[in-house]
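# An overview of the molecular structure
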Amino acid sequence: MRKNILNCLYFLICSLLLLTGCKEDEISDIGSEGVNPPDNELLVKLTAADYNSENTYYILNDNEPSDVYFNNSQRSFYVNQPLQLTLDDNHYFQLRFYSPRKLSNVTIWAKIDGYEEAFKFMELEEIRPFQQLRIHIPFATKDLTAYTRSGKKIQIMANRYLTEENFTFEVESDDPYYKKLQSIKCKWQITFSGYSGDGNWKYKLLPPHAREAVALALNMSYMYSSEIFEMALQEFGPLHKDNNKTVIDKDLLLKQVLNHSGLRFGHCSGVNGLGGGITYGLNEWCYIEHYADDTNETHTAFHELAHCLGYGHNGNMTYEQTGPGWITLCANVYRSMSLDKELPVYSRRFMHTRRNKNRYSKNDLYKASKYVIEDSELDAIDGGLSPLREETTDLGGNDGEPLSFKLDYTALPGATSASFRPKDVYVYGDTLYIVNDADNNYSLEVFSMAERNIAHMESIREWTEQNTTKTFKGRPNGVVRANDRIYVTHEGNRTEIFDAKDHSFITCIGNGNWGTGSNQTVHAFDIVIHKGAIMIRDKRYVDFVQEQSVYPGEIMYIFSRSENLGESGGTYGMAVNEHTGLLYSTHPAKRIDILDPGNIRECIAHTRTRQLAYKNNPYALDFYKGRMFVSSNGNEKFCDVNPETGDIIKNHTVIGDITLQAPEKFCIRRNTLFIIDRLKNRSCVYAIPMSELK
């Protein structure tokens, strides 16, 4: 951490220098003509692009050792001073910011003993959340010039004896967030501890908890410092310190809160919380659920704070035995200030600690919010409330010369009509993927179509998962490739994910058990990937998963589900209309459901925008240049369909010299229709140029 900043920063950067006895050598107006600023001007200007591993470290990061963040000399702060500025004996200027939110447009002024005016020391475009900025200042070896508040230029002589005691720093910022932090009146010192390490303290505080402790401390101390809380306190009913209803003086109570010495945060288990004096232990759920846009549960946080203030379980300061009291009052104000974006850290979206896997619970990464907070600042952090992202998912493109062929079991070495029964098809560039659901022969077959020659490349029938050989436990029925990953759905309640380059197993969606848990699906029939959202059609729902959460060996969790679309056996297919962004999903009950993926919200049931009646039982669908094509049973087996009404525009059951007899799933890629005809004794895949479907 004590490396010199790059040489280029040596001259751009400034450093301070002076000690008692440093002299004010030359003073002139900044605007004086004929005066050229020297190369060693003392003014550090840093943009966000200037931050790197040489000058920046993030405190309380997930990998920080507990012996660091449990050390008060290394990790502690006062809630009314979350921005710490220091200068050590080795002439390193250090800034630490205990905050989950960034600070913009910051100017730091410095004052040296013996000088009448402060001078501009540093300009920062932003200070990042939990940033530790450390820069070496060459004041021991260089004479530096600086500019004072009145616009004077002063010279500070090199002085190796300069120490922190000779400096006073002052921060200026027009950021409303900084003004909010400045208004905190509480004097609490915040520290972190593992406590005894046994019993209720067996599971120690982890870095994500510590970061949330910072948020909770800033929020509570700001709330208690506000006029909003003071007014609510006075208007609220009586507060009692015992069951005899001994009334608490509210003015004295507020002073007691503001002047409390501090809180030492820890993590406890087996109980919701433990508190008294500065001891402040909370169960993990307390650290993530206090936000209004999470579950908005704050009773333990305020219950334990009441213990820290010296109140027991009698009265209404903790358990409210004599009527609504402290925890209700605080919860009401906290929620209101959160929704009004008045709290310093008003939303879970600043840190998304619930989604952090470096904590004890792993099954609650997603949870519906009691309230939804829309905010452009938050959107810049997490990309928005929708899992959709602006970048287009790499699905292989839809360009290329059209193809024309028929592929059946003869293209697969050693196969027979009974062992090769195509169920779904997908094309990515020159690669053709075919799902085979023939009894006792479940597989994904991979073919090359390079130079219009069909060649079998590989069969994916089994794979290694956690040193165990795995196979498709249910009938496979859907496939797609996106961003170098292959996704295969099957009725074993899983969607397998493979590396598109070497076909090795990556992970899966669904744990193989039928259900609606956080990592379960009810079978898995079809799959679509659109703008970072993985959409799986199971037997009851469309399940939404974030593509960005796909990592080797990681359990995949359902981000959200649609409403129950009605359970029915049959073939399901989905596709996104690229012109409208709407998701169309077939249903065996002669209908097509339409959903808007842009309205997906975390763990909130996603409702259909509408549904289209269809003449037959639809199997699959896809779009091509604004046209929607649907396969189905009945006489009209493959049709051009109006995407607004569901009406059949034209029947394409006969295309040239091909008569489709039992078409089911298909895809349109490379200006070509790739469609499976599920003939009883000889299923096949046709490739038909789209120019033939006029």
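For the structure given in this document, a descriptive report is provided here.

Conventions used here
Residues numbered from 1 in each chain as written. Predicted model: local features only at pLDDT ≥ 70, side-chain atom pairs only at ≥ 80, totals over all residues. Heavy atoms only, no water. Helix = DSSP H or I, 4+ residues; strand = E, 2+ residues; numbered from the N terminus. Buried < 20%, exposed > 50% of the residue type's maximum accessible area, 1.4 Å probe, protein only. Areas by Shrake-Rupley, 256 points an atom, 1.4 Å probe, with all protein chains shown as cover. Lys, Arg positive; Asp, Glu negative; His and termini not counted. Charge placed at Lys NZ, Arg CZ, Asp CG, Glu CD. Phe/Tyr/Trp six-rings, centres within 6.5 Å; stacked < 30°, edge-to-face > 60°. Lys NZ or Arg CZ within 6 Å of the ring centre and 35° of its normal. Pairing = 2+ DSSP bridges. Axes fitted to C-alpha atoms, helices over the stretch in contact; angles between N-to-C directions. Patch = residues over 30% accessible without salt bridge, like charges linked within 9 Å, V, L, I, M, F, W, Y side chains within 5 Å. Salt bridge = Lys/Arg side-chain N within 4 Å of Asp/Glu carboxyl O. Contact = heavy atoms within 4.5 Å. 1 Å grid on protein atoms, 1.4 Å probe; cavity = no way out; pocket = protein on both sides within 12 Å on 5 of 7 lines; lining within 4 Å. Points joined across faces, edges and corners; volume = space filled by probe spheres on them. Nonpolar A, V, L, I, M, F, W, Y, C, P; charged D, E, K, R; others polar. Polar contact = N/O pair within 3.5 Å; in protein donor to acceptor, adjacent residues only side chain to side chain. Expected span 1.5 Å × (residues − 1).

### Looking at the overall build of the protein chain
Secondary structure assignment for the protein chain yields 10 helices and 44 strands. If you line up the protein chain on its principal axes, its C-alpha atoms span 100 × 80 × 50 Å. The buried share of the protein chain, taken over its 694 residues, is 57%. Within the structure as shown, the protein chain displays about 28,500 Å² of accessible surface, and the carbon and sulfur contribution to it stands at 45%. For the protein chain, the separation between the mean place of its 75 positive charges and that of its 90 negative charges on side chains is 5 Å.

### Things to note about the packing of aromatic side chains
As enumerated under the stated definition, the model contains 26 aromatic pairs in all. Between Tyr-69 and Phe-70, the aromatic rings sit 4.7 Å apart at their centres with planes inclined by 70°, giving edge-to-face as the arrangement. Tyr-69 gets classed as buried once you look at its relative accessible area, which sits at 1%. Between Phe-167 and Phe-169 the ring centres are 6.0 Å apart and the planes differ by 10°, which places this aromatic pair in the stacked class. The same class applies to Phe-167 and to Phe-169, which are both buried. Sitting over the face of the ring of Tyr-177, Arg-101 holds its NZ or CZ atom 4.4 Å from the ring centroid. We note Arg-481 situated over the ring of Tyr-428; from NZ or CZ to the ring centre the distance is 3.7 Å.

### Focus: the sheet that holds strand β12 (residues 167-173)
Pairing is mixed in the open sheet, where four strands are placed in the order β2-β8-β7-β12. Both edges of this open sheet fall to β2 (44-46) and β12, since each of them pairs with a single strand only. Strand-to-strand twist in this sheet, taken as the mean axis angle between neighbours without regard to direction, amounts to 20°. Taken together, the seven bridges between strand β7 (residues 103-112) and β12 define a ladder with antiparallel strand orientation. Paired with Trp-109 across the two strands is Glu-170, which belongs to β12.

### Remarks on a negative patch on the surface
A contiguous patch of negative charge on the surface is contributed by Glu-227, Glu-230, Asp-249 and Asp-251. Inspection of the secondary structure assignment puts Asp-251 in helix α6 (residues 250-258). The exposure class assigned to Asp-251 is partly exposed, which follows from its relative accessible area of 48%.

### Quick look at the sheet that holds strand β14 (residues 262-267)
Spatially, the five strands line up as an open sheet ordered β4-β13-β14-β16-β15, and their pairing is mixed. The sheet is open, and its two edges are formed by β4 (77-78) and β15 (273-276), each paired on a single side. Bridging between strand β13 (residues 189-192) and β14 involves four bridges; their strand directions are parallel. Looking across to β14, one finds that Phe-192 is bridged to Phe-265. Docked against the sheet, helix α4 (residues 207-225) engages β4, β13, β14 and β16 (279-282), running at close to 145° with respect to β14. Those strands touched by helix α8 (residues 299-308) are β14, β15 and β16, and its axis lies near 160° from that of β16.

### What about empty space enclosed by the protein?
The final tally for this structure, using the stated rule, is two cavities of 30 Å³ or more. Approximately 170 Å³ is the volume found for the largest cavity. Taken together, 21 residues form the lining of the largest cavity, with Arg-348, Arg-355, Ser-369, Leu-385 and Glu-602 sitting closest to its centre. The class makeup of the residues in the lining of the largest cavity is eight nonpolar, five polar and eight charged. The space that makes up the second largest cavity amounts to roughly 30 Å³. Glu-212, Ile-288, Tyr-291, Asp-294, Arg-348, His-352, Thr-353 and Arg-354 are the residues that line the second largest cavity.

### Some points on the environment of Asp-408
Inspection of the secondary structure assignment puts Asp-408 in the loop between β17 (405-407) and β18 (422-428). Spatially, the C-alpha atom of Asp-408 lies 78 Å from that of Met-231, the residues being 177 residues apart in sequence. The contact partners of Asp-408, leaving out residues within four places of it in the chain, are Phe-420, Arg-682, Ser-683 and Cys-684. Within the local environment of Asp-408, its side chain forms a polar contact with the side chain of Thr-410, the two groups lying 2.5 Å apart. Engagement of the side chain of Asp-408 in a polar contact is seen with the side chain of Arg-682, the distance being 2.7 Å.

### Some details on the pairing of strand β8 (residues 119-127)
For β2 and β8, the ladder comprises three bridges, and the chain directions are parallel. Along β8, the bridge assignment pairs Lys-45 with Glu-123. For β7 and β8, the ladder comprises seven bridges, and the chain directions are antiparallel. Among the inter-strand pairings, Thr-107 is bridged to a residue of β8, identified as Glu-123. Remark: six residues form the turn of the hairpin made by β7 and β8, two consecutive strands paired antiparallel; Gly-114 in that turn has positive phi of roughly 95°.

### Focus on α4
With 19 residues, α4 ought to run about 27 Å at 1.5 Å a step, and its terminal C-alpha atoms sit 27 Å apart, in line with that. In terms of residue burial, α4 counts as a mostly covered element, since 19 of its 19 residues are buried.

### As for the pattern of salt bridges
Tallying each qualifying case throughout the model produces 46 salt bridges. The salt bridge involving Asp-484 is made with Arg-481; its shortest N-O contact spans 3.5 Å. The partly exposed category is assigned to Asp-484, whose relative accessible area is 30%. Residues joined in a network through salt bridges with shared partners are Glu-284, Glu-289, Asp-294, Arg-348, Arg-354, Arg-355, Arg-359, Asp-364 and Glu-602.

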